[in-house]
Amino acid sequence: MMSLTSVLLPEGELRVARCDTLDKLIAVSDGDAALLYLYILRHGDSADEKTVQRTLHLSHDRYERAVFTLNSLTAPAASAEPSADKPDAPAYTPDELRRARIDDHKFSAVCQMAEETLGRTLTEGQLRCLLTAYDHLGLSAEAIIELLAWLKNEKGMVRLSDIRRETYAWADMGIYSAKDAQAYLARKTNEKPLSAAIYRALGADPESPAPKEQRVCAFALSHGFPSEAVELAVGRTDKKQGRHSLDYTLGILRRWDEKGVHTVSEITALEPETRTAVGQTQSAPTDPATLSQWEQDWAARVKGHRRKEE
């Protein structure tokens, strides 16, 4: 085997690559995605799409697939539901739970509100969850009461898992006081019609969206995409992939955000809806049987890698 010392230890400017990303690229065996990753590593992401395609000798479709693969490999995984049983959470004894409710009038008010919300006397596990939020996570009693009232209004039937998930989420977002809670809930109320419209554009149920649907919706809301733009991204996903793919849709939204286009008029001005590849017409989604061999291999590798990741 030839010596690779000169490759591994080159002279000149160095770039640092993430080992986890390299491992994923090796696992998926996608040459175009690896080449695009090296280009971005060398030049950053300042170059426009046309320049990258020309430099790497990639067709528009091959470039789109490489971008999709990289987005799929580098997108942060949906965080698991936080648990009050994390090692760093105190393991309150039954006596500590009882004393906290008796001795701290603010925590006692939280417990009373929780019993009204749940419609029953608190169990030891429910008390532990509330004390963790109050004593360990640092949410004020007033903030927890706001949270409980909101959950009751939103869900009707509130479960312990709802309280646990939301208290940890609020702590992660820095929502500790009643003032913070009221501002956050007011914003959520204003966003509710927008998020419902985005979920409908994704083909999701606004009342019970899946975690991946929530991730796409959160990205769209935080980056200023209206539901019409999300619907356009879904439509282009279906045309390119021949099926729904939230990962691909999210990749499209990310690319548009990087280019600074968010409304349908901005997007179609940059990427006209009628644009077609040379020698092709914009028609029904491509039948997988008509794909070239490398495209079928690419699709199979991505699918296999996704199954492994899941």
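1. Let's talk about the overall build of the protein
When helices and strands are counted, the protein shows 16 helices and zero strands. A burial count over the protein gives 37% of its 310 residues as buried.

2. Side note on the pattern of salt bridges
Any two side chains of opposite charge can pair, so long as their charged atoms come close to each other. In this structure the tally under the stated criterion is 13 salt bridges. For Glu115, the salt bridge goes to Arg101, with nearest N and O atoms at 3.2 Å. Taken together, the positions of Glu115 in helix H7 (residues 105-118) and Arg101 in helix H6 (residues 94-103) put the pair 14 residues apart, joining distant regions of the chain. Of the charged contacts, one joins Glu154 and Lys192 as a salt bridge, the two residues approaching to 3.6 Å between their closest N and O atoms. Placement of Glu154 in helix H9 (residues 141-155) and of Lys192 in helix H11 (residues 178-201) is noted, with a sequence separation of 38 residues between them. Judged by its relative accessible area of 44%, Lys192 is partly exposed. Each of Arg159, Asp162, Arg165 and Glu166 takes part in one network of salt bridges that share partners.

3. Side note on the packing of aromatic side chains
Here the structure, examined in full by the defined rule, presents three aromatic pairs. Ring geometry for Phe219 versus Phe225: centroids 6.4 Å apart, planes at 20 degrees, classification stacked. With relative accessibility at 4%, the residue Phe225 sits in the buried group. Taking the ring centre of Phe219 as reference, the NZ or CZ of Arg254 above it sits at 5.8 Å.

4. A word on H9
Compared with an ideal rise of 1.5 Å per residue, which puts 15 residues at 21 Å, H9 spans 21 Å between its outermost C-alpha atoms and is within 8% of the ideal. Where H9 is concerned, the buried positions are Ala141, Ala143, Ile144, Leu147, Leu148, Trp150 and Leu151. The inward-facing, buried residues of H9 abut H7, helix H8 (124-136), helix H10 (160-173) and H11. Note on H9: the residue one or two positions beyond its end, Gly156, has a positive phi of about 75 degrees.

5. Brief notes about the nonpolar core
Ranked by size, the top nonpolar core spans 35 residues in total, and within it Phe107, Leu122, Leu130, Leu131, Ile144, Ile163 and Trp170 carry the most contacts. Sorting the residues of this core by element identifies H6, H7, H8, H9, H10 and H11 as the ones contributing at least two each. Ignoring anything within four residues of it in the chain, the contact list for Leu130 reads Phe107, Val110, Cys111, Ala114, Leu122, Ile144 and Ile163. In this structure, Tyr199, Val216, Phe225 and Val234 belong to the second largest nonpolar core, which totals 23 residues.

6. Some remarks on empty space enclosed by the protein
Taken as a whole and judged by the stated rule, the model has one cavity of 30 Å³ or more. Size it by volume and the largest cavity reaches roughly 40 Å³. Counting only elements with at least two residues in the lining of the largest cavity, the list comes to helix H5 (60-74) and helix H14 (246-259). Looking at side-chain class alone, the lining of the largest cavity contains four nonpolar, two polar and two charged residues.

7. Focus on the packing of helix H13 (residues 227-241) against H14
Where H13 meets H14, the closest approach of the two axes is 9 Å, and the angle between their N-to-C directions is 125 degrees. Looking at the two axes, H13 sits oblique to H14. The interaxial crossing formed by H13 with H14 has right-handed handedness. Every residue of H14 that contacts H13 at Ala229, Leu232, Ala233, Val234, Arg236, Thr237, Lys240 and Gln241 is listed here: Tyr248, Thr249, Ile252, Leu253 and Trp256.

8. Thoughts on the environment of Leu147
Structurally, the position occupied by Leu147 is in helix H9. Along the primary structure Leu147 and Thr167 are separated by 20 residues, whereas in three dimensions their C-alpha atoms are 7.9 Å apart. Excluding residues within four positions of it along the chain, Leu147 makes contact with Glu166, Thr167 and Trp170.

9. Digging into the confidence of the model for the protein
The share of residues in the protein with pLDDT of 70 or more is 75%, and the mean pLDDT across the chain is 78. Element-level mean pLDDT values for the protein span from 47 in helix H1 (residues 5-8) up to 94 in H7. Within the model, pLDDT remains below 50 along residues 76-87, and this stretch shows 15 contacts once partners closer than five positions in the same chain are excluded.

10. Section: the packing of helix H3 (residues 31-43) against helix H4 (residues 49-56)
At their nearest, the axes of H3 and H4 sit 11 Å apart, and the two run at 120 degrees to each other. The crossing of H3 and H4 is right-handed. Contact residues: H3 offers Leu35, Leu36 and Tyr39, while H4 offers Thr51, Val52, Thr55 and Leu56. Residues belonging to the contact of H3 with H4 are distributed by class as follows: five nonpolar, two polar and no charged.

Cut-offs applied
Every residue gets a number counted from 1 within its own chain, in the order that chain's sequence is written. Predicted model: local features are reported for residues with pLDDT of at least 70 only, side-chain atom pairs are reported and counted for 80 or more only, and whole-chain, interface and lining totals are derived from all residues. Based on all heavy atoms of the structure, the side-chain values leave hydrogens and waters out of the count. Put simply, DSSP H or I for four residues or longer makes a helix, DSSP E for two residues or longer makes a strand, and each gets a number counted from the N terminus. Buried residues are those whose accessible area, probed at 1.4 Å on protein chains only, stays under 20% of the maximum for their type, while exposed residues exceed 50% and partly exposed ones sit between those limits. One speaks of a salt bridge when a side-chain nitrogen belonging to Lys or Arg is within 4 Å of a carboxyl oxygen belonging to Asp or Glu. Centres within 6.5 Å make a pair out of two Phe, Tyr or Trp rings, where for Trp the six-membered ring is used; the pair is then stacked when the planes are under 30 degrees apart, edge-to-face when over 60, and tilted otherwise. Counting as a charge over the ring demands two things of the Lys NZ or Arg CZ atom: a distance within 6 Å of the ring centre and an angle within 35 degrees of the ring normal. Working rule for helices: expected span equals 1.5 Å times residues minus one. Whether two residues are in contact is decided by their heavy atoms, any of which lying within 4.5 Å being enough. Residues belong to one nonpolar core when they are buried, are Ala, Val, Leu, Ile, Met, Phe, Trp, Tyr or Cys, and are joined through side-chain atoms within 4.5 Å. A pocket here means an open set of points on a 1 Å grid, computed over the protein atoms alone, that has protein on both sides within 12 Å along at least five of seven lines. A cavity is instead a set of points where a 1.4 Å probe fits but cannot get out; residues with an atom within 4 Å of a point line either one. Grid points are joined across faces, edges and corners, and a volume is the space filled by probe spheres set on the points. Ten residues, namely Ala, Val, Leu, Ile, Met, Phe, Trp, Tyr, Cys and Pro, are considered nonpolar, four, namely Asp, Glu, Lys and Arg, are considered charged, and the remaining ones, Gly among them, are considered polar. Working convention: axes come from line fits to C-alpha atoms, limited for helices to the stretch in contact. Angles between N-to-C directions cover 0 to 180 degrees. Note on terminology: angles under 35 degrees are roughly parallel, angles over 145 are roughly antiparallel, angles of 65 to 115 are roughly perpendicular, and the others are oblique. Here is the rule for handedness: rotate from the far helix to the near one, and if that takes an anticlockwise turn smaller than a right angle the crossing is left-handed, while a clockwise turn gives right-handed. Summary of the metric used: pLDDT quantifies the predictor's per-residue confidence within the range 0 to 100.

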